[in-house]
Amino acid sequence: MAAATRMNAAPDRGARFESRAATREPAAVRGLILGVALTFFGVFLLLPLAAVFVEALRKGWDTYVNALVAPDALSALALTLTAAAIAVPLNLVFGVIAAWAIAKFEFRGKHLLITLIDLPFSVSPVVAGLIYVLLFGAQGWLGPWLAGHDVKVIFAVPGIVLATVFVTFPFVARELIPLMEAQGKDEEEAAIVLGASGWQTFWHVTLPNVKWGLLYGVILCNARAMGEFGAVSVVSGHIRGETNTMPLHVEILYNEYQFAAAFAVASLLAMLALVTLGIKTWVEQRAAGVAVRMPMDAAGRLVQPPNLQAQGSAS
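Residues numbered from 1 in each chain as written. Predicted model: local features only at pLDDT ≥ 70, side-chain atom pairs only at ≥ 80, totals over all residues. Heavy atoms only, no water.

**Let's talk about the pattern of salt bridges**
Then comes step 1: A complete count under the given rule lists seven salt bridges for this structure.
Then comes step 2: Two residues, Glu-188 and Lys-104, come together in a salt bridge whose shortest N-O distance is 3.3 Å. Note that Glu-188 is positioned in helix H11 (residues 186-193) and Lys-104 in helix H4 (residues 71-104), a separation of 84 residues in sequence.
Then comes step 3: Where salt bridges share partners, they join Asp-72, Arg-240 and Glu-256 into one cluster. (Salt bridge = Lys/Arg side-chain N within 4 Å of Asp/Glu carboxyl O. Helix = DSSP H or I, 4+ residues; strand = E, 2+ residues; numbered from the N terminus.)

Now the structure itself:
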């Protein structure tokens, strides 16, 4: 009852806040703000997106389809999906482990770990690609050893995967860390008291509480992996049919004045982005719905999962 009262009181406070003259803007000001926002959206987002599809279809459906089914385009698509399929699970595992350690435990070097997670946000992707060239290139630190063992990293698929992993490194962890910190440790400690092991606590308490944030981070990570250009461009070598991802293939087609084909492949990337945006919106709506339906006790605390309650009673 107390929790329901608090939930009902929040909209009432918001309504009282809006009803005060000091917090209301004149209709002209609201219209101006909305107009500026919509104009910005239309000019800088909607118009370029529409231009991509218009230019892609300018020479007809046959040219559009032929550009997408060309061997180099299919190879670029396969490599893009492969790099994303490898990088996203790796960052998923690391992101969950890092967020769990940072949010739930205190240890020496915690702040250093947080700083390192944010490193790809502050380093240019081109610089990241150059770092891998310095390490694994023919004249790099490990280049002679790799060449002696016939291992190729730069200008090959492994280098593209490494660059993709680096630029997508923070997304999952950065979504989970504030979420886990906001939830605190009370539920995990209660689960331990009820007899759950650390692994059971993680699977039945921690992970279900962050599943929507986790999925949100994975979506953002995948979107960045498929659209990455700078770091991948440095380490790929631009070898047609072998090391060109979709963004690199678009660049090559455009530089060769094959504008229709370039925009056709770009439209495929745009459609992948729109699908990602739709999934992201759905995840946000589900997460908001779950937050509203969370079972609360009279003190406003989350009710423990039934399986842990039963386990605690049995023990």
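More follows now that the structure is in view.
**Here's the deal with the environment of Thr-245**
Then comes step 1: Looking at the secondary structure, you find Thr-245 in the loop between helix H14 (230-236) and helix H15 (246-255).
Then comes step 2: For Thr-245, a relative accessible area of 5% gives the class buried.
Then comes step 3: It is 7.9 Å that separates the C-alpha atoms of Thr-245 and Ser-75, two residues lying 170 residues apart in sequence.
Then comes step 4: Excluding residues that lie within four positions of it along the chain, Thr-245 makes contacts with Ala-76, Leu-79, Thr-80, Ile-160, Glu-228 and Val-232. (Buried < 20%, exposed > 50% of the residue type's maximum accessible area, 1.4 Å probe, protein only. Contact = heavy atoms within 4.5 Å.)

**Some words on the packing of aromatic side chains**
Then comes step 1: Evaluated as defined, the whole model comprises 15 aromatic pairs.
Then comes step 2: On the numbers, 4.4 Å between centres and 25° between planes, the contact of Phe-94 with Phe-169 is stacked. Here the residue Phe-94 occupies a position in helix H4, and Phe-169 occupies one in the loop between helix H9 (157-167) and helix H10 (171-183), the gap between them amounting to 75 residues.
Then comes step 3: For Phe-169, a relative accessible area of 22% puts it in the partly exposed group.
Then comes step 4: On the basis of an interplanar angle of 70° and a centroid distance of 5.7 Å, the ring pair of Trp-199 and Trp-203 is categorised as edge-to-face. In this pair, Trp-199 and Trp-203 are both assigned in helix H12 (residues 198-209), four residues apart and thus about one turn of the helix distant.
Then comes step 5: On the accessibility criterion, Trp-199 (57% relative accessible area) is exposed. (Phe/Tyr/Trp six-rings, centres within 6.5 Å; stacked < 30°, edge-to-face > 60°.)

**A closer look at the confidence of the model for the protein**
Then comes step 1: Taken over all residues, the pLDDT of the protein has a mean of 83, while the share at 70 or more is 84%.
Then comes step 2: Mean pLDDT per element in the protein: helix H17 (residues 306-314) is the minimum at 47, and H9 is the maximum at 94.
Then comes step 3: Note that residues 304-315 has pLDDT below 50 and, in this model, 20 contacts with residues that lie over four places away or in other chains. (pLDDT = per-residue confidence, 0-100.)

**Quick look at the nonpolar core**
Then comes step 1: Among the nonpolar cores identified, the biggest contains 20 residues, and Ile-117, Val-172, Leu-176, Ile-177 and Leu-214 are the most heavily contacted of them.
Then comes step 2: Those elements that place two or more of their residues in this core are H4, helix H5 (110-117), H10, H12 and helix H13 (211-227).
Then comes step 3: Setting aside its immediate chain neighbours within four residues, Leu-176 contacts Gly-95, Val-96, Ala-99, Val-210, Gly-213 and Leu-214.
Then comes step 4: Judged by nonpolar contacts, the second largest core, of 15 residues, contains Ala-83, Phe-166, Val-167 and Ala-231. (Core = buried A, V, L, I, M, F, W, Y, C linked by side-chain atoms within 4.5 Å.)

**Overview of the side chain of Asn-91**
Then comes step 1: Along the chain, the position of Asn-91 falls in helix H4.
Then comes step 2: Taking relative accessible area as the criterion, Asn-91 reaches 2% and is therefore assigned buried.
Then comes step 3: Within polar-contact distance, the side chain of Asn-91 engages the backbone oxygen of Val-165 at 3.5 Å.
Then comes step 4: Within polar-contact distance, the side chain of Asn-91 engages the side chain of Thr-168 at 2.6 Å.
Then comes step 5: Discounting chain neighbours no more than four positions away, the residues touching Asn-91 are Val-165, Thr-168, Phe-169, Val-172 and Cys-221. (Polar contact = N/O pair within 3.5 Å; in protein donor to acceptor, adjacent residues only side chain to side chain.)

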